[in-house]
Amino acid sequence: MNPQAKLIFSTSLLLGTIITISSNHWMMAWTGLEINTLAILPLISKSHHPRAIEASTKYFLTQATASTLLLFSSMTNAWFTGQWDITQLSHPVSCMLLTAAISMKLGLVPFHFWFPEVLQGSSLMTSLLLATIMKFPPTILLYLTSSSLNPTLLFTMAIASAALGGWMGLNQTQVRKIMAFSSISHLGWMTIILIYDPKLTLITFYLYSLTTGAIFFALNSTNTLKLSTLMTAWSKIPSLTATLMLTLLSLAGLPPLTGFLPKWLIIQELTKQQLTTTATIIALLSLLGLFFYLRLAYCATITLPPNSANHMKQWQTSKSINALTSTFIVLSIMLLPLSPTILTIP
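Residues numbered from 1 in each chain as written. Predicted model: local features only at pLDDT ≥ 70, side-chain atom pairs only at ≥ 80, totals over all residues. Heavy atoms only, no water.

Put simply, the rule reads: UniProt positions are given in the numbering used here, feature names are shortened, and annotations may be inferred rather than shown by experiment.
Under an unreviewed UniProt entry, the name given to the chain is NADH-ubiquinone oxidoreductase chain 2, and the source organism is Sublegatus sp. Under the UniProt heading Sequence similarities (unreviewed entry), the note attached to the chain is "Belongs to the complex I subunit 2 family."

Have a look at this one:
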């Protein structure tokens with residue numbers, strides 16, 4: 001892609017995100033989301049591969065439907081209450097429509113079908129954008145309207161997302177699809193605590209984005225798209241695949257790594273709210289995710305190719321891990337001791 005075109009699309013992506021997260025009027029938030037959608041479409045389809053074109057078409061149709069629902073929700077609320085302010089969403093029908101619209105934008109169950117397919121059709125760096133930055137504006141809208149939303153509906157969708165994200169990730173061999181189902185599972189954790197502690201939802205999103213960024217940068221350095229490629233990637237940059245294992249375990253939520261912090265705080269908050277059963281269910285469902293993270297870690301660091309005729313060993317490269325990748329990896333592994341500081345983040 002032309003560097004000037006890439007710069008324009010990247011700037012538009014940043015602009016759309018800033019417009020949405022800084023607005024308090026529904027029309028401005030909707031405009032920012034539309035700019036985001038239009039900016040990411042060329043980045044998804046830049047390879048001109050049929051799979052990429054299919055992914056961008058699916059993404060456009062899903063996001064257009066979600067934007068229509070969001071606009072309809074805000075107009076319904078304005079019609080009945082005269083309020084266009086995002087924090088003043090009070091009409092029950094509007095709240096229900098908004099939940100459906102944001103769930104569709106994020107890829108929450110039962111509106112998750114598009115997400116793995118779109119990630120599979122995109123490049124690794126575009127997949128990173130779709131899994132992190134593109135989910136930030138809808139998450140902020142959920143945060144702003146959290147006091148108005150239906151707790152039962154959110155709880156049901158959160159448990160379903162955590163379960164389906166874990167189950168569907170078990171049988172995958174494509175790394176991007178595994179990361180897509182990982183994202184769906186983490187969205188369940190973010191949604192379940194939204195009503196009781198919206199700030200904790202944002203902290204979970206920040207730490208999830210940090211760890212996912214580290215994994216995608218590492219995969220991009222070794223050009224890994226499948227589990228079979230991951231098995232031979234250790235010979236390219238051994239130090240990177242060793243730290244990739246720790247980053248995957250952090251995403252799974254194992255102590256004493258960074259990813260343990262949000263899960264620990266969410267379970268603690270649910271227990272405080274007398275929701276011990278819910279906390280137990282979602283903690284057990286995270287074991288499903290732990291299985292496929294361990295499988296990825298196992299393939300990356302322990303498995304040797306079964307047959308030299310089938311798997312040619314890669315040449316070890318002299319290039320070192322770049323500064324951005326190493327920074328993300330260090331932060332995604334070692335932030336747990338800074339928990340008190342992280343909790344002060346607004």
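That was the structure; now back to the text.
### A closer look at helix H1 (residues 3–22)
Residue pairs spaced three or four apart in an α-helix point in one direction, given the helix's 3.6 residues per turn. Going by this rule: Where helices and strands are cited, they refer to DSSP runs of H or I of at least four residues and of E of at least two residues respectively, numbered from the N terminus. Here the expected length of a helix is defined as 1.5 Å per residue gap, with one fewer gap than residues. Remark: exposure states derive from per-residue accessible area (1.4 Å probe, protein chains only) relative to the maximum for the residue type, with buried under 20%, exposed over 50%, and partly exposed in between. This arc is built from the directions going out from the helix axis to the C-beta atoms. What makes two residues a contact is simply this: any of their non-hydrogen atoms within 4.5 Å. Definition of a polar contact: a pair of N or O atoms within 3.5 Å, with one able to donate and the other able to accept a hydrogen when the atoms are protein atoms, and with sequence-neighbouring residues admitted only if both atoms are side-chain atoms.
Given a rise of 1.5 Å per residue, 20 residues ought to cover 28 Å, and the 28 Å separating the end C-alpha atoms of H1 matches this to within 8%. Considered for burial, the residues of H1 that qualify are Leu13, Gly16, Thr17, Ile19 and Thr20. Down the axis of H1, the buried side of the element spans an arc of 165°, and every buried residue falls inside it. Exposed and oriented more than 90 degrees from the buried face of H1 are Pro3, Gln4, Leu7, Ile8, Leu14 and Ser22. Turning to H1, the residues buried within the fold contact helix H2 (26–44), helix H6 (124–131) and helix H7 (136–144). One side-chain oxygen at the N-terminal end of H1 lies 3.0 Å from the backbone nitrogen of Gln4; it belongs to Asn2.

### Focus on the side chain of Ser183
The residue Ser183 is located in helix H9 (residues 175–192) in this model. Dropping the residues within four chain positions of it, Ser183 is found in contact with Phe115, Ala131, Lys135 and Tyr208.

### Considerations on the pattern of salt bridges
The criterion, for reference: Each reported salt bridge corresponds to a side-chain nitrogen of Lys or Arg within 4 Å of a carboxyl oxygen of Asp or Glu.
Under the criterion given, the structure shown has 4 salt bridges. In this structure, Arg51 and Glu117 form a salt bridge, with 3.4 Å as the shortest nitrogen-oxygen distance. Here Arg51 is found in helix H3 (residues 50–81), whereas its partner Glu117 is found in helix H5 (residues 114–120), with 66 residues between them in sequence. The partly exposed category is assigned to Arg51, whose relative accessible area is 33%. Residue Glu117 is classed as partly exposed on the basis of its relative accessible area of 26%.

### What about the packing of aromatic side chains?
Here is the rule we go by: Aromatic contacts are taken between Phe, Tyr and Trp rings whose centres are within 6.5 Å, Trp giving its six-membered ring; a plane angle under 30 degrees counts as stacked, one over 60 as edge-to-face, and the others as tilted.
Tallied over the entire structure, the rule returns 8 aromatic pairs. Ring plane angle 55° and centroid distance 4.9 Å describe the contact between Phe292 and Tyr293, whose orientation is recorded as tilted. Across this residue pair, the class does not change: Phe292 and Tyr293 are buried. Here the aromatic cluster, defined as three or more aromatic residues joined through ring pairs, consists of Tyr59, Trp114 and Phe115.

### Describing unusual backbone geometry
A cis amide bond links Val109 with the next residue in sequence, Pro110, at an omega value of 10°. Position of Pro110 relative to the elements: it lies in the loop between helix H4 (92–106) and H5. Phi is positive for His48, close to 60°, though the residue is something other than glycine. Within the fold, His48 resides in the loop between H2 and H3. Phi at Gln274 is positive, roughly 65°, even though this residue is not glycine. Structurally, Gln274 is set in the loop between helix H13 (260–272) and helix H14 (276–301).

### Some details on the domain arrangement of the chain
To keep things clear, this is the line we draw: The split into domains, and so the bounds of each, comes from an automatic or database assignment of domains. Note on terms: buried area is the combined drop in 1.4 Å-probe accessible area of two parts once they are placed together, counting the loss on both.
With domains assigned, the chain is organised as domain 1 (1–122) and domain 2 (150–345). Using only C-alpha atoms to locate each centre, domain 1 and domain 2 end up separated by 24 Å. Taken together, the contact between domain 1 and domain 2 spans 17 residues of the former and 17 residues of the latter. Between domain 1 and domain 2 the total buried area reaches about 1500 Å² when both faces are included, carbon and sulfur atoms providing 72% of it. For domain 1, the biggest contributors to the area lost against domain 2 are Leu108, Val109 and Gln120; these three give 38% of the whole. Linking domain 1 with domain 2 are 1 salt bridge, by the criterion used here.

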